[in-house]
Amino acid sequence: MDTSSSLDRQAVHEELERVRATFHRLLDGASEADLRRPTKGTRWTNEQLLFHMLFGYILMRPLLLLIRIFGRFPRGVGRVFARLLDAGTKPFDVVNYLGPVGGARILGRRRMGTVFDRVIAFLHQRLDAERQADFALAMPYPTRWDPFFRDVMTVADLCRYPTRHFDFHRAQLTLTAKDR
């Protein structure tokens, strides 16, 4: 992850638009059979994994809130919080699995695309509103929760996180070749 305090906002805006277009192409091009097909390396179906990919962006709102709170405390406070979260990895893994199972069923294909658009619009606005100095705000993170979390992450790191998560999981989809 980029641990610098600067961030190329335009590059992040472009990443957000790339994944938005990709998400819609994947979702809109998939047949019902494609969506029900198992993925590579996960216990989810393609539809559930698409929801999980969307959820990586939905989580940005609470992640940014947490960094604004814990990033202002002494680093030791954040370390204790990150250790507590790491200690709860097993329950987190259960919720992380079951969330997309239920979320895909509740939202369905059409609403997943609508929610994705809303979340991306929010992230564009948040990125534009961020003060340059705030990109350096940092806090410890629970590294056992996600392979893309680092011991300490900045707001700049968080801005790149969901797209790295998205790209990683995209490779696990088993949609027909024309949809990928």
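See the structure above.
What counts and what doesn't
- Counting from 1, residues in each chain are numbered in the order their sequence is written.
- Note on the predicted model: pLDDT of at least 70 is required for a residue's local features to be given, and 80 or more for side-chain atom pairs to be given and counted; whole-chain, interface and lining totals, by contrast, use all residues.
- Think of the side-chain values as coming from all heavy atoms in the structure, minus any hydrogens and water.
- Here a helix means four or more residues in a row that DSSP labels H or I, a strand means two or more in a row labelled E, and each is numbered from the N terminus.
- When accessible area is computed with a 1.4 Å probe and restricted to protein chains, residues below 20% of their type maximum are described as buried, those above 50% as exposed, and intermediate ones as partly exposed.
- Here, residues are in contact when the closest pair of their heavy atoms is within 4.5 Å.
- For accessible areas, the Shrake-Rupley method is used with a probe of radius 1.4 Å. Any residue's cover is judged against the shown protein chains and nothing else.
- Think of it this way: Lys and Arg go in the positive column, Asp and Glu in the negative one, and His and the chain ends go nowhere.
- Charge coordinates come from a single atom per side chain, which is NZ of Lys, CZ of Arg, CG of Asp or CD of Glu.
- The rule is simple: put a 1 Å grid over the protein atoms alone, call a set of points where a 1.4 Å probe fits but cannot get out a cavity, call an open set with protein on both sides within 12 Å along at least five of seven lines a pocket, and count a residue as lining if it has an atom within 4 Å of a point.
- Grid points are joined across faces, edges and corners, and a volume is the space filled by probe spheres set on the points.
- Lys, Arg, Asp and Glu make up the charged group, whereas Ala, Val, Leu, Ile, Met, Phe, Trp, Tyr, Cys and Pro make up the nonpolar group; the residues left over, Gly among them, are polar.
- Working rule for helices: expected span equals 1.5 Å times residues minus one.
- Only the contacting stretch of a helix is used when fitting its axis, a line to C-alpha atoms as for every element, and angles between N-to-C directions run 0 to 180 degrees.
- Two helices crossing with the near one rotated counterclockwise from the far one by less than a right angle form a left-handed crossing, whereas a clockwise rotation gives a right-handed crossing.
- Side-chain atoms within 4.5 Å are what join buried Ala, Val, Leu, Ile, Met, Phe, Trp, Tyr and Cys residues into a set we call a nonpolar core.

## Some remarks on the overall build of the chain
Counting secondary structure elements, the chain contains seven helices and two strands. Going from the N terminus to the C terminus, the chain shows its helices and strands as α-α-α-α-α-α-β-β-α. Principal axes of the C-alpha set define a box for the chain whose edges measure 50 × 35 × 25 Å. The proportion of buried residues among the 180 residues of the chain is 45%. Sequence-distant contacts in the chain: of pairs separated by 6 or more residues, those separated by 24 or more amount to 78%. Carbon and sulfur atoms make up 59% of the accessible area of the chain, which amounts to about 9,100 Å² in all. Charge-centre separation for the chain: the mean point of 29 positive side chains lies 4 Å from the mean point of 20 negative side chains.

## Examining the layout of surface pockets
A probe matching the size of a water molecule, rolled over the atoms, marks out where space remains unfilled. Space inside the largest pocket adds up to approximately 540 Å³. Looking at the largest pocket, it is lined by 30 residues, and the ones nearest its centre are F55, L59, F92, N96 and W145. Counting only elements with at least two residues in the lining of the largest pocket, the list comes to α3 (46-58), α4 (60-70), α5 (75-87), α6 (89-129), β1 (138-140) and α7 (155-170). With five residues, the top contributor of residues to the lining of the largest pocket is α6. Taken together, the residues of the lining of the largest pocket sort by class into 23 nonpolar, six polar and one charged.

## Quick word on helix α1 (residues 9-29)
Here α1 contains 21 residues, and its C-alpha end-to-end distance of 30 Å stays within 8% of the 30 Å for a straight helix at 1.5 Å per residue. Residues of α1 that are buried: V12, H13, E15, L16, V19, T22, F23, H24, L26 and L27. Tucked into the core, α1 has its buried residues touching α3, α6 and α7.

## What to know about the packing of α1 against α7
Interaxial distance between α1 and α7 falls to 10 Å at its minimum, and their mutual angle equals 30°. Every pair of crossing elements has a handedness; the one defined by α1 and α7 is left-handed. The residues of α7 that touch α1, namely those facing V12, E15, R18, V19, T22, F23, R25 and L26, are C159, R160, T163, F166, D167 and R170. Among the residues making up the contact of α1 with α7, the classes are represented as six nonpolar, two polar and six charged.

## Quick notes on the nonpolar core
With 44 residues, the main nonpolar core has F23, L50, Y57, F116, Y141 and L158 as its most contacted residues. Put simply, the parts of the chain that give this core at least two residues each are α1, α3, α4, α6 and α7. Residue contributions to this core peak at eight residues, all from α6. Beyond its immediate chain neighbours, meaning those up to four positions away, L158 contacts M60, L63, L64, I67, Y141 and M153.

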